[in-house]
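Topology and contacts: notes
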There are 2 protein chains.
Amino acid sequence: MREVAIIGIGQTQVGEHWDKSLREIAGEAVMAALNDAGREQADGIFVGNMMSGTLSHQENLGALIADWVGLRGVEAFKIEAACGSGAGAVHMGVMAVASGYMECVIAMGVEKMSETPMPVTTAALATAADAEYEADQGVSFVGLNALIMQRYLHEYGWKHTDFAPFSINAHANAINNPNARLHERITQHEYNKARMICDPINLMDASPTGDGAAAVVLVPVDTLRPNGGPLVRIAGSTAATDTIAVHNRRDPLWLNAAYKSAQKAYTQAGVNPADIDVFELHDAFSIMTALSLEACGFAERGQGPRLGLEGEIGPGDRIPIASCGGLKARGHPVGATGVYQIVEVVQQLRGEAGKNQVDGALVGMAQNIGGSGSNIITHILRSS
Amino acid sequence: MREVAIIGIGQTQVGEHWDKSLREIAGEAVMAALNDAGREQADGIFVGNMMSGTLSHQENLGALIADWVGLRGVEAFKIEAACGSGAGAVHMGVMAVASGYMECVIAMGVEKMSETPMPVTTAALATAADAEYEADQGVSFVGLNALIMQRYLHEYGWKHTDFAPFSINAHANAINNPNARLHERITQHEYNKARMICDPINLMDASPTGDGAAAVVLVPVDTLRPNGGPLVRIAGSTAATDTIAVHNRRDPLWLNAAYKSAQKAYTQAGVNPADIDVFELHDAFSIMTALSLEACGFAERGQGPRLGLEGEIGPGDRIPIASCGGLKARGHPVGATGVYQIVEVVQQLRGEAGKNQVDGALVGMAQNIGGSGSNIITHILRSS
């Protein structure tokens, strides 16, 4: 199996791009990544996307984007794993290069959400859950996360306000990320007083969606010559699933797919949680931050909020998370999010994260969650 | 790169399965394939599907199906390439096994279409075309194919009735396939008199859609011990794209992605068209049969219909096509079709194709077309 490197990254700002279509924002990210890599060609494009069929009446995104970016003819497919689609596309790209089928792959994610009426988007997001046993009962995706958070507060005795540090950290870091959707610092008071979305999830627990695209360029390590700069290698690329419906889990407060995919990634990379210098986790809702930290071995079960309260999660702390704003403040353009996470880890490992740089970061992890924890993809990157 | 074999196949009948949900028909095909392979476990599931988000309000099919078939925890993703989604899933599965990331993969396709009102399905199918430059102008997917066929008749001087042998052959072969949707023999007279769908495409030029699922089990060849039976190897697994919009092609009557993916597959397999004993092509419309035969090197440009008229396409003839009914009569459950094609080639190479058996078939090809020729996946299988 050939070792794979990321030699180019690209992203658009997350926001409401009323003046650009889906293919245009996708193209911006791809061209930026190719330019960063110093390449003009690729053998394949893997596109992470969840909802284009419903929101833009457009499937066949592989052909659409290959055509648009001037790579007409190359292999191109859309990969879907709900909110985990982006990292899923990177995982496919890694296998395509590792197998020897391809020498250069663009793995990207794109989602165009702003132009669709909110009820349509809410219904489209609910397709990540079990349509027949969850969505048909009327529970939305936020609703499922609220049920999990309510249970967590009850089971482990935390107060809702104990989750504030996760959101405060994400917002603080996003201020220095020009591609982030939100650039407002928030306080504990603002968190506490934010309007309720779905009890106990308030506006400061929930990530904003948006339009966005991000891309990486993947090649085999053995074809590269040293160029003096740091080389970012894929040390682990894994995925795992869980029951699609939350009610079927033995413990709805344990992200077993996060645990499984992280363990596989640690094994592939030959590292353990203490070796991770920066961790881009899937903070779509603040409860997911706690559950991810626990499942990946950074906190004891039920003790996730402690890391925030004890000041362990900032760029200079024990386990920096949401270092460029996370889903909470960079924004969550659903099918693109997993690629944004990986792009941000690459920035950290290259020392290009600006004011949020984690000094001496050599090993970074990105974890992308599809559904209510039903499909989780973990990547570990290493700089050398 | 490890060589990959198909050791199990499964399929459901193509039809209107009012009593079964999407996950149920998917599960039937997966369990049949695992049973055929003599396996109970797999490392990953790749699901080809185009329209579940719109038609069944269900995305995240990887997690859904892994959960349903009792393989909760394994890696699982949905692959979308419009009508080419099924073969796209097999192509991903091949790369996953070839790379060494996985030891056993289930690649499958599923589409559930019967329960949706026809205008919704027609709109969903149009998402395979260019939403902004084709579908928004009001042209449906059948309409695009009709424009291509009209141009072909004009350019090369064929009569519409010259395409009849393709449909007659498909219907004749489907009679012996218990999984086919249609079991009615048709005559030249019936073809000529069939009601018009979209001039010049009449009912006998167009394939019926339907509910269906098909699956294959993929493993590395080097892990298998001889068991006395034929072993079906993946000799070629390729894809190529073209412009998504038909009007952007230099020649709308030439399937360049079929040509490119077939040439790559011939090279990978070390064969040429004369070596292909059976060819499952993508006869969604009879014009696509002619264009595929030409692009893959079985007929001169503009001469595709000649193969039908000269009796070259039946099970005992020079290049047997639609040997189990093809899309025209087996049916076209969109995202599943590419896997049905591969399952049928495996049946031929194993000598299990019953009354439609191509004697001594050793090398078979399956070609799955997404969009109006914009994303085309070609597999060559070899029996040994």
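Residues numbered from 1 in each chain as written. Chains lettered and ligands numbered in written order. Predicted model: local features only at pLDDT ≥ 70, side-chain atom pairs only at ≥ 80, totals over all residues. Heavy atoms only, no water.

Remarks on the packing of aromatic side chains
All names here are of chain A.
- Counted under the stated rule, the structure contains 10 aromatic pairs over all chains.
- Relative to Tyr259, the ring of Trp254 has its centre 5.7 Å away and its plane inclined at 45°; by these criteria the two rings are tilted.
- Note on Trp254: relative accessible area 15%, which makes it buried.
- Overall, Tyr259 belongs to the partly exposed group, its relative accessible area being 36%.
- Taken together, the ring pairs in this structure connect Tyr152, Tyr156, Phe163 and Phe166 into an aromatic cluster.
- Positioned over the ring face of Trp254 is Arg301, at 4.1 Å from the centre of the ring. (Phe/Tyr/Trp six-rings, centres within 6.5 Å; stacked < 30°, edge-to-face > 60°. Buried < 20%, exposed > 50% of the residue type's maximum accessible area, 1.4 Å probe, protein only. Lys NZ or Arg CZ within 6 Å of the ring centre and 35° of its normal.)

Quick look at the interface of chain B and chain A
- Contacts between the two partners involve 65 residues from chain B, matched on the other side by 65 residues from chain A.
- When the buried surface of chain B facing chain A is broken down by residue, B:Asn60, B:Phe77 and B:Tyr101 rank first, second and third, together holding 15% of it.
- Note that A:Arg23 and B:Glu132 form a salt bridge whose closest N and O atoms lie 2.8 Å from each other.
- For the pair chain B and chain A, the number of links is 34 residue pairs in polar contact (both at pLDDT 80 or more). (Contact = heavy atoms within 4.5 Å. Buried area = accessible area lost by both parts, 1.4 Å probe. Salt bridge = Lys/Arg side-chain N within 4 Å of Asp/Glu carboxyl O. Polar contact = N/O pair within 3.5 Å; in protein donor to acceptor, adjacent residues only side chain to side chain.)

Side note on the relation of the copies chain B and chain A
- The operation relating chain B to chain A is a screw motion whose rotation component is 180°, with 0.0 Å of axial translation and a residual RMSD of 0.0 Å. Here the copies are linked by what is in effect a two-fold axis. Taking C-alpha positions as reference, the residue of chain B nearest the rotation axis is B:Ser99, located at 1.8 Å.
- Mapped onto chain A, 100% of the interface residues of chain B again fall at the interface, so both copies present the same surface. (Least-squares fit on C-alpha atoms with pLDDT ≥ 70 in both.)

Section: the confidence of the model for chain A
- Here chain A shows a mean pLDDT of 97. Residues at 70 or above account for 100%.
- Predicted complex, confidence summary: ipTM 0.97, pTM 0.98. (pLDDT = per-residue confidence, 0-100.)

Brief notes about helix H7 (residues 164-174) of chain B
- By the criterion of burial, H7(B) is predominantly enclosed, with 10 of the 11 residues buried.
- Buried-residue contacts for H7(B) involve helix H8 (188-193), helix H10 (286-295), helix H11 (304-309) and helix H12 (326-330) of chain B. (Helix = DSSP H or I, 4+ residues; strand = E, 2+ residues; numbered from the N terminus.)

Remarks on the pattern of salt bridges
- In the structure shown here, the tally under the stated rule is 40 salt bridges over all chains.
- A salt bridge links B:Glu75 to A:Lys264; the shortest N-O distance between them is 3.4 Å. With B:Glu75 in strand E3 (residues 75-80) and A:Lys264 in helix H9 (residues 256-269), the pair connects residues from two separate chains.
- Among the residues examined, B:Glu75 registers a relative accessible area of 6% and is labelled buried.
- Across the pair B:Glu344 and B:Arg330 runs a salt bridge, and its minimum N-O distance is 2.7 Å. Pair noted here: B:Glu344 is in helix H13 (residues 337-350) and B:Arg330 is in helix H12, with a separation of 14 residues, a long-range link.
- For B:Arg330, a relative accessible area of 0% translates into the label buried.

Regarding the packing of helix H1 (residues 22-37) of chain A against helix H3 (residues 61-68) of chain A
Residue and element names in this part refer to chain A.
- Where H1 meets H3, the closest approach of the two axes is 9 Å, and the angle between their N-to-C directions is 60°. One way to sum up the angle between H1 and H3 is to call them oblique. Crossing geometry of H1 relative to H3 is assigned as right-handed. Contacts between H1 and H3 involve Leu22, Arg23, Glu24, Ala26, Gly27 and Val30 from the first element and Leu61, Leu64, Ile65 and Trp68 from the second.
- Tallied by class, residues from the contact of H1 with H3 come to 7 nonpolar, 1 polar and 2 charged. (Axes fitted to C-alpha atoms, helices over the stretch in contact; angles between N-to-C directions. Parallel < 35°, antiparallel > 145°, perpendicular 65-115°, else oblique. Left-handed = near helix turned anticlockwise from the far one by under 90°. Nonpolar A, V, L, I, M, F, W, Y, C, P; charged D, E, K, R; others polar.)

A closer look at the pairing of strand E4 (residues 105-111) of chain B
All names here are of chain B.
- Most of E4 is tucked away, with 7 of its 7 residues classed as buried.
- Burial along E4 is two-sided: the residues Val105, Ala107, Gly109 and Glu111 and Ile106, Met108 and Val110 are all buried.
- When strand E2 (residues 44-48) meets E4, the two strands line up parallel, connected through 5 bridges. Across the sheet, Ile45 pairs through a bridge with Ile106, a residue of E4.
- The pairing of E4 with strand E7 (residues 212-220) spans 7 bridges and is classified as antiparallel. Across the sheet, Val105 pairs through a bridge with Leu218, a residue of E7. (Pairing = 2+ DSSP bridges.)

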